[in-house]
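If you want the building blocks of each chain, they are given just below.
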Amino acid sequence: MKDFIISPPFGRYFSHPKATSVKGSYTWERRNGLILQVLKTVRPTKDGWINKIGLRNSGIRSVSFKSENIYSIAGINDGDWDKMIDAIPDGNLVECNFSCPNVDHYTIDAEVIVKAAKKFTVIAKVPPVNGADKVIQMCVEAGAHHIHLTNALPVDRGGESGGKLKPVSLGLVKETRQQYPDLSIIGGGGIYSVDDVYSYRNAGANKFSLSTAFMVPWRGYRIINDFYKKT
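Residues numbered from 1 in each chain as written. Predicted model: local features only at pLDDT ≥ 70, side-chain atom pairs only at ≥ 80, totals over all residues. Heavy atoms only, no water.

## Examining the environment of His148
So, point 1. Residue position: His148 is located in strand β8 (residues 146-149).
So, point 2. A relative accessible area of 1% places His148 in the buried class.
So, point 3. For His148 and Ile186, which are 38 residues apart along the polypeptide, the C-alpha to C-alpha distance reads 4.5 Å.
So, point 4. Beyond its immediate sequence surroundings of up to four residues, His148 is in contact with Ser7, Glu95, Ile123, Ala124, Lys125, Val126, Ile186 and Ser209.
So, point 5. Polar contacts involving the side chain of His148 include one to the side chain of Glu95, which spans 3.0 Å. (Helix = DSSP H or I, 4+ residues; strand = E, 2+ residues; numbered from the N terminus. Buried < 20%, exposed > 50% of the residue type's maximum accessible area, 1.4 Å probe, protein only. Contact = heavy atoms within 4.5 Å. Polar contact = N/O pair within 3.5 Å; in protein donor to acceptor, adjacent residues only side chain to side chain.)

## Some remarks on the packing of aromatic side chains
So, point 1. Applying the stated criterion across every chain, the model contains 11 aromatic pairs.
So, point 2. Seen in terms of ring centroids, Tyr198 and Phe227 are 6.0 Å apart; in terms of plane orientation they differ by 40°. Their pairing is tilted. Of the two residues, Tyr198 is situated in helix α6 (residues 194-203) and Phe227 in helix α7 (residues 217-230); the sequence distance between them amounts to 29 residues.
So, point 3. Given a relative accessible area of 17%, Tyr198 falls into the buried group.
So, point 4. Looking at Phe227, the relative accessible area reads 6%, which means it is buried.
So, point 5. Considering the side-chain rings of Phe214 and Tyr221, the 5.3 Å spacing of their centres and the 85° angle between planes classify their relative orientation as edge-to-face.
So, point 6. Overall, the relative accessible area of 1% leaves Phe214 in the buried class.
So, point 7. Relative accessible area serves as the criterion here: at 25%, Tyr221 is assigned to the partly exposed category.
So, point 8. Following the ring pairs from residue to residue traces out a cluster consisting of Phe4, Tyr198, Phe208, Phe227 and Tyr228.
So, point 9. When the ring centre of Tyr228 is taken as origin, the NZ or CZ atom of Lys18, which lies over that ring, is 5.1 Å away.
So, point 10. Here Arg61 stacks its cationic end above the ring of Trp28, 3.9 Å away from the centre of that ring. (Phe/Tyr/Trp six-rings, centres within 6.5 Å; stacked < 30°, edge-to-face > 60°. Lys NZ or Arg CZ within 6 Å of the ring centre and 35° of its normal.)

## Some thoughts on the environment of Ile224
So, point 1. By the secondary structure assignment, Ile224 is in helix α7.
So, point 2. Assessed through its relative accessible area of 0%, Ile224 is described here as buried.
So, point 3. Separated by 30 residues in sequence, Ile224 and Val194 have C-alpha atoms that sit 7.4 Å apart.
So, point 4. For Ile224, the contacting residues outside a window of four places in its chain are Phe4, His16, Lys18, Ala19, Leu210 and Phe214.

## Describing the sheet that holds strand β11 (residues 184-188)
So, point 1. With parallel pairing, eight strands are arranged side by side around a closed barrel as β1-β2-β5-β6-β7-β8-β11-β12. Averaged over all adjacent pairs, the angle separating strand axes in this sheet is 25°, with direction ignored.
So, point 2. As defined by bridge partners, strand β2 (residues 19-26) adjoins strand β5 (residues 70-73) across three bridges and the pair is classed as parallel. For Val22, the partnering residue across the bridge sits in β5 and is Ile70.
So, point 3. Set on the sheet, helix α2 (residues 80-87) makes contact with β2, β5 and β6 (93-97); between it and β5 the angle comes to about 160°. (Pairing = 2+ DSSP bridges. Axes fitted to C-alpha atoms, helices over the stretch in contact; angles between N-to-C directions.)

## Brief notes about the packing of helix α3 (residues 110-117) against helix α4 (residues 132-142)
So, point 1. Axis separation between α3 and α4 bottoms out at 8 Å; the angle between their running directions is 35°. The chirality of how α3 crosses α4 is right-handed. In contact with Ala110, Ile113 and Val114 of α3, α4 contributes Met138, Cys139 and Ala142.
So, point 2. Looking at side-chain class alone, the contact of α3 with α4 contains six nonpolar, no polar and no charged residues. (Left-handed = near helix turned anticlockwise from the far one by under 90°. Nonpolar A, V, L, I, M, F, W, Y, C, P; charged D, E, K, R; others polar.)

Right, here's the structure in full:
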């Protein structure tokens, strides 16, 4: 996995030689209505965007896997995690999404990480909520290879990404690095310039997730290119 991650939904459409793209957020069953939910719920904010897409996707069984990509999965119903882990070929990069703010029924189970880590390189994506430290501890002890901090903030109209998320994510990155000096930490939320990347690196992240920046694609590419020009 490379130093930069292009997170959903933009990783489905964009790639960069120095980044690993997340090719969608998948559930076991198909969840229709993606275009309608985008049109109904995606709204700009002062420094980011709000959405209530709610993991609309074609289902994990529709995927043609490639080892250079990341595939994000989320278990909604009983047994979904096990079925998805069994369905994905060994050796892939898999993100266990424990943090979508737009899905009501969520299970966060250490056994999911234990089972997945035997087959894949596992990224655990953690929610920016009270108790995040306990989720991080559970994921680390269960064998997650990377911790992704964090997903969108839960708000009344869905999940908010962008600048409002940055101070929350930075705080969690710093606390997690102090607790786990050798852990691989992906930091993200409100990265709009290379200076934001440095902020995450200084807090303790060693990999960086871009999402909202790719709403203007050239901005996302510029952040990555500027980072490598200056390092």
